[in-house]
Amino acid sequence: MALASKIAIVLAGRGLNTLVSLLFVPYLSRALLVEDYGTYGQTLFVTDFFKFIFSLGLAQIITVHFAKYQDEPGKVLGSNLVLGLLSAAVAILLLWLSADAISQWFENLRLSKYLQLYVWSILIAVVFESVNATLIYFDKVTQSVTALVIGNLLKVIFLVIAVQVYQSMTLIFIGLMVASFLQVCIAASFLTRHQLSFSLDWIKAQFKDGLPVGLSGGASVLAATADSFMVSVMLGTSAYAVYRNGIIAIPFLDAIYWSIAMVIMPALSKLYFDQNKQQIV
């Protein structure tokens, strides 16, 4: 499949998800009380912050290692998953222990229990990103988009049920995690059956290569979420709920960039290790 076709497929799936998310914001902001909506947003952005910091660029670096060790994809994926699980475990522990302090910092004592509940989404997200990157590297772009779209539609369905039927904030986060877990299962079902294994040396190599990517990504996330932290701390949860509705970014340029990057990175990695510099240019 040509690169342009792969990008078009990824962009179509990403665009659909972006459109659904964009249209869902006004619904959710009206279906929930202001304090609940603010708490929901704070839980998401704090959890995402920890996830991005501790993801260590594993979803990006795995494509490089697949190209570098083309004969041992099972070992590359296995080492990546082990490192991801270890990193996610550290993130979960730190966020769990700091949840009370964060809730006091934001002057939102309800936030703590939701952070300690939704913290497990970090583990699911790290695994999905690695599995999804593997699908794209091995030209299973359609399958990747299928898992992405179905998973996100499930999140919308579960969230609507939790809000409209049960009016439960707890069920909102449980539903999001169940949908994410099913998304991982769908993506994993499309993987080529390789004998998974791992090596301590390979784990160290991926950590060394991925750390700069992870730190740069963490810096970008910090810059993007600094305003959310400041509003939550200085003005409170209700003000953050209003602020959250006002900072909806125009998402389509981001969707185009993400779609191109996800397809081009594996292709460039293969060309680099094949020493095909002319094709890279």
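Structure: above.
Residues numbered from 1 in each chain as written. Predicted model: local features only at pLDDT ≥ 70, side-chain atom pairs only at ≥ 80, totals over all residues. Heavy atoms only, no water.

Colleague: I'd like a description of a nonpolar patch on the surface, backed by residues and values.
Modeller: On the surface, I157, I161, V165, Y166, L171, I174, V178, F181 and L182 cluster together to form a nonpolar patch covering roughly 760 Å² of accessible area. Ranked by residues supplied to the nonpolar patch, first place goes to helix α8 (residues 169-189) with 5 residues. (Patch = residues over 30% accessible without salt bridge, like charges linked within 9 Å, V, L, I, M, F, W, Y side chains within 5 Å. Areas by Shrake-Rupley, 256 points an atom, 1.4 Å probe, with all protein chains shown as cover. Salt bridge = Lys/Arg side-chain N within 4 Å of Asp/Glu carboxyl O. Helix = DSSP H or I, 4+ residues; strand = E, 2+ residues; numbered from the N terminus.)

Colleague: Describe the environment of A59, with residues and values.
Modeller: Within the fold, A59 resides in helix α3 (residues 58-68). Separated by 154 residues in sequence, A59 and V213 place their C-alpha atoms 10.0 Å apart. Setting aside anything within four residues of it in sequence, one finds A59 in contact with E129, S130 and A133. (Contact = heavy atoms within 4.5 Å.)

Colleague: For empty space enclosed by the protein, give the residues involved together with the corresponding values.
Modeller: Applying the stated rule across the entire model yields 1 cavity of 30 Å³ or more. Forming the boundary of the largest cavity are 13 residues, of which T134, F138, L191, T192 and H194 lie nearest the centre. Looking at the lining of the largest cavity, the elements that each hand over two or more residues are α4 (73-105) and α6 (121-137). For the lining of the largest cavity, the element with the highest residue contribution is α4, accounting for 3 residues. (1 Å grid on protein atoms, 1.4 Å probe; cavity = no way out; pocket = protein on both sides within 12 Å on 5 of 7 lines; lining within 4 Å. Points joined across faces, edges and corners; volume = space filled by probe spheres on them.)

Colleague: Could you give an account of the packing of aromatic side chains, naming the residues involved and the relevant values?
Modeller: One pass over the structure, following the stated rule, counts 13 aromatic pairs. Centre to centre, the rings of F49 and F50 are 6.0 Å apart; their planes meet at 85°, and the pair counts as edge-to-face. Neither residue differs from the other here; F49 and F50 are each classed as buried. Three or more aromatic residues joined by ring pairs make a cluster, and in this case those are Y37, Y40, Y114, Y118 and F173. (Phe/Tyr/Trp six-rings, centres within 6.5 Å; stacked < 30°, edge-to-face > 60°. Buried < 20%, exposed > 50% of the residue type's maximum accessible area, 1.4 Å probe, protein only.)

Colleague: Which residues make up unusual backbone geometry, and what are the values?
Modeller: Not every positive phi belongs to a glycine, and D139 is a case in point at roughly 65°. The residue D139 is located in the loop between α6 and α7 (141-164) in this model. We note that Q167 has phi near 45°; this positive angle belongs to a residue other than glycine.

Colleague: Go over the pattern of salt bridges, please, and point to the residues and values.
Modeller: Side chains that differ in charge, positive against negative, can pair when their charged atoms come close. Overall, the coordinates contain 2 salt bridges when judged by the stated rule. We note a salt bridge from D36 to R110, for which the minimum N-O separation is 2.7 Å. Residue D36 is located in helix α2 (residues 34-54), and its partner R110 is located in the loop between α4 and α5 (111-118); the two are separated by 74 residues in the primary sequence. The class of D36 is buried, set by a relative accessible area of 15%. Assessed through its relative accessible area of 30%, R110 is described here as partly exposed. In this structure, D48 and K51 form a salt bridge, with 3.9 Å as the shortest nitrogen-oxygen distance. Taken together, the residues D48 and K51, both in helix α2 and 3 residues apart, mark about one turn of the helix. With relative accessibility at 32%, the residue D48 sits in the partly exposed group.

Colleague: Any chance you could break down the side chain of K51 for me, citing the residues and the numbers?
Modeller: The exposure class assigned to K51 is buried, which follows from its relative accessible area of 18%. Dropping the residues within four chain positions of it, K51 is found in contact with I122 and A125.

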